[in-house]
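Residue-level listing of the chains:
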There are 2 protein chains.
Amino acid sequence: MRYPPGYKEKKHTELLKISGSLMKKNGFAATGVDTLMHAAGMTSGAFYSHFASKTDLLKTLVTSELTASQTLWTSNPHDTAEDWLDFELERYLSIQHVLQPEAGCLLPSLSAEIARADLSVRERYEQELLKGHAILTQRLGDENLAWAFICQLAGSILIARTLPTEELQRMVIHASKLLLRNALAS
Amino acid sequence: MRYPPGYKEKKHTELLKISGSLMKKNGFAATGVDTLMHAAGMTSGAFYSHFASKTDLLKTLVTSELTASQTLWTSNPHDTAEDWLDFELERYLSIQHVLQPEAGCLLPSLSAEIARADLSVRERYEQELLKGHAILTQRLGDENLAWAFICQLAGSILIARTLPTEELQRMVIHASKLLLRNALAS
DNA sequence: GTCTATAGGCTGATAGAC
DNA sequence: GTCTATCAGCCTATAGAC
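Predicted, not measured: the structure shown is a model, and the values here were computed from it.

K.L.:
Mind showing me how you'd approach the pattern of salt bridges here?
P.N.:
Pairing between side chains of opposite charge can happen when their charged atoms approach one another. All names here are of chain A. Applying the stated criterion to the full structure yields 16 salt bridges over all chains. Across the pair Lys24 and Glu65 runs a salt bridge whose closest N-O atoms are separated by 2.9 Å. Taken together, the residues span a long stretch of sequence, with Lys24 in helix α1 (residues 7-26) and Glu65 in helix α3 (residues 54-74) at a distance of 41 residues. Residues Lys24 and Glu65 agree in their burial class; the two are buried.

K.L.:
Whenever I open this one, the relation of the copies chain B and chain A confuses me. Can you help?
P.N.:
The pair of chain copies shares a relation made of a rotation about an axis and a shift along it. Least-squares fitting of chain B to chain A yields an RMSD of 0.0 Å, with the transformation described by 0.0 Å of translation along the axis and a rotation of 180°. Both copies of the chain, as the preceding transformation shows, are related through a two-fold rotation axis. No C-alpha of chain B lies nearer the rotation axis than that of Gly155(B), which sits 1.9 Å from it.

K.L.:
Help me understand the protein's contact with DNA strand D, please; the structure alone is not making it clear to me.
P.N.:
Taken together, 20 residues surround DNA strand D, and among them Val33(A), Lys54(A), Met42(B), Thr43(B) and His50(B) come closest. By atom count, sugar and phosphate contribute 72% of the portion of DNA strand D lying within 4 Å of the protein. With respect to DNA strand D, the side chain of Tyr3(B) contributes an N or O atom lying 3.2 Å from a sugar or linking oxygen. The contact in question runs from a phosphate oxygen of DNA strand D to an N or O atom on the side chain of His50(B), over 2.8 Å. Residue assignment for the surface near DNA strand D shows that the elements contributing at least two residues are α2 (33-39) of chain A together with α1 (7-26) of chain B. Looking at the surface near DNA strand D element by element, the count peaks at 3 residues for α1(B). Here the surface near DNA strand D is built from residues that sort into 6 nonpolar, 11 polar and 3 charged.

K.L.:
Could you clarify how one ought to interpret helix α9 (residues 166-185) of chain A in this entry?
P.N.:
Side chains three or four residues apart in an α-helix point the same way, a direct result of the helix having 3.6 residues per turn. Taking 1.5 Å of rise per residue, 20 residues should cover 28 Å, and α9(A) covers 29 Å from first to last C-alpha, within 8% of that figure. Where the residues of α9(A) are buried, they touch α4 (81-92), α5 (95-99) and α8 (143-162) of chain A together with α7 (119-140), α8 (143-162) and α9 (166-185) of chain B.

K.L.:
What am I meant to see in the interface of chain B and chain A here?
P.N.:
By a frequent convention, interface size equals the accessible area lost on bringing the separate parts together. Contact residues are listed per partner, giving 48 residues for chain B and 48 residues for chain A. The tally of links between chain B and chain A comes to 0 salt bridges. The interface formed by chain B and chain A holds 7 residue pairs in polar contact (both at pLDDT 80 or more) in total. Put simply, the parts of the chain that give the side of chain B that touches chain A at least two residues each are α1, α6 (106-115), α7, α8 and α9 of chain B. With 13 residues, α8(B) is the single largest residue contributor to the side of chain B that touches chain A.

K.L.:
Would you take a moment to explain the side chain of Glu128(B) for this structure?
P.N.:
Topologically, Glu128(B) is positioned in helix α7. Excluding anything up to four places from it in sequence, Glu128(B) contacts Val62(B), Thr63(B), Leu66(B), Thr67(B) and Gln70(B).

Rules used in this analysis
- Residues numbered from 1 in each chain as written.
- Chains lettered and ligands numbered in written order.
- Predicted model: local features only at pLDDT ≥ 70, side-chain atom pairs only at ≥ 80, totals over all residues.
- Heavy atoms only, no water.
- Salt bridge = Lys/Arg side-chain N within 4 Å of Asp/Glu carboxyl O.
- Helix = DSSP H or I, 4+ residues; strand = E, 2+ residues; numbered from the N terminus.
- Buried < 20%, exposed > 50% of the residue type's maximum accessible area, 1.4 Å probe, protein only.
- Least-squares fit on C-alpha atoms with pLDDT ≥ 70 in both.
- Near = heavy atom within 4 Å.
- Polar contact = N/O pair within 3.5 Å; in protein donor to acceptor, adjacent residues only side chain to side chain.
- Nonpolar A, V, L, I, M, F, W, Y, C, P; charged D, E, K, R; others polar.
- Expected span 1.5 Å × (residues − 1).
- Contact = heavy atoms within 4.5 Å.

Read these as spatial facts, not as claims about activity.
Now the structure itself:
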C-alpha cells in the first residue's frame, strides 16, 4: 500500500496532538504505546516509524507542547503590561484549566515525570522554559518575578487538581490570583 | 516461624518509610510492589498482609507523609509569625529539598499522580491538606494567602527539579522566596 | 508507512507451604 | 507473617509481510 506525500508528517503531527492530550490527562508512565496508537487509529508497531523510543516521544512532546503554550501567550490581544497579564491570569487560573488537563498546560501535568526523565529531556525542557521565562520577563520587567509567576501558576493548577471538590479548587485558584495581582501592584 | 508481638506494626511503619522515599523519588506508578518489598528486605507476597492493594498503600502514604510534614511545621522553634515563616521558607525552599525528593515533601513529587487517583485517595489528601492550610492560616492571618503559599512552595520545588543545572534551580527557589517575603510584607 | 505477530520483561495480585 | 510459585495482563521494542 502506498501513502501520499506528506502523509507521514500529517500523522506525526496528529500523534503529537493525541499523545499530548493522553499523557497530560493520564500521565506519561501510565500511557502505553499501544493505548496511544489505538487512540490514533493505528497499531503499536507503527509508533517506531515516528519515534525512536517512548523517551523520544516525551522529548518531542516537550517542544511541541511548550511551543504551543508560547504561541498562546503571544496571541494575547492586549498591549499594556497590566491588561496582558490580567488576560493570562484569567485564562491560566481558570476552573476549565483545572478540570481539563488534556487541553491545558504541560507544566502542572508532567513536570514531576520530566524531573525524573533523562538529561536530554530536561535540557529540551529547559530550552523551552527559558523562552517562556523571557516572554514573561519582558512583560513583568523582572526576571525573579517571572520565575515566581511560572511556579505559582503551575503549582496552583497542580494543587487544585488534587482536591476532590470544585469549591476548594475555585478557592485555590482565586487565592493564587490575589497573590499574583498583589505582586504586580507592588 | 513465629514473630514477636509488635513485629507487624514495626514492619508496617518501616514499609511506609521506605515506600515514601521510593515513590517520592521515582514516582508512584513507576515503583513496583516487588521493587519496594525487596528494598525492605522482603518479597512481594508479604506486601498484601500489610496493604489491601497498591492504591491502599498510596492512601496510607498520603496520611503518614503529610502528618510528618505537619509535625515538622509544628516543631518550628520560632514564636513570632515573621520568624516562624522565615524559618519555614528557608527549610522548604532549599537546594537540598530540590536535590533530595526522597527526603522531602510529598506535594511536589506526587501531586500529579494523586490528582489522577481514586476519589478515596483525594479525600484523604484533602483532609490532611486542610490541616496544613489551617496551620499556615493561623501564622499568616489570611486563608487566601495560605493557599497561595502552599501552591508557590510546591510549584517552586516541582519546577526547580525539572531544570538540568543547579544554577537555574537556585534562581527559581530564590525568586520564589522573594515573592513570598514580599507578600508577607504587604 | 502500517500491519500482524512476537519477544522478553515487568506489573499487580493470589494460593498454599512453612 | 513471610515465603515461593504462579497467574493473566500489560509494557517497550523488534522482525518481517504487505
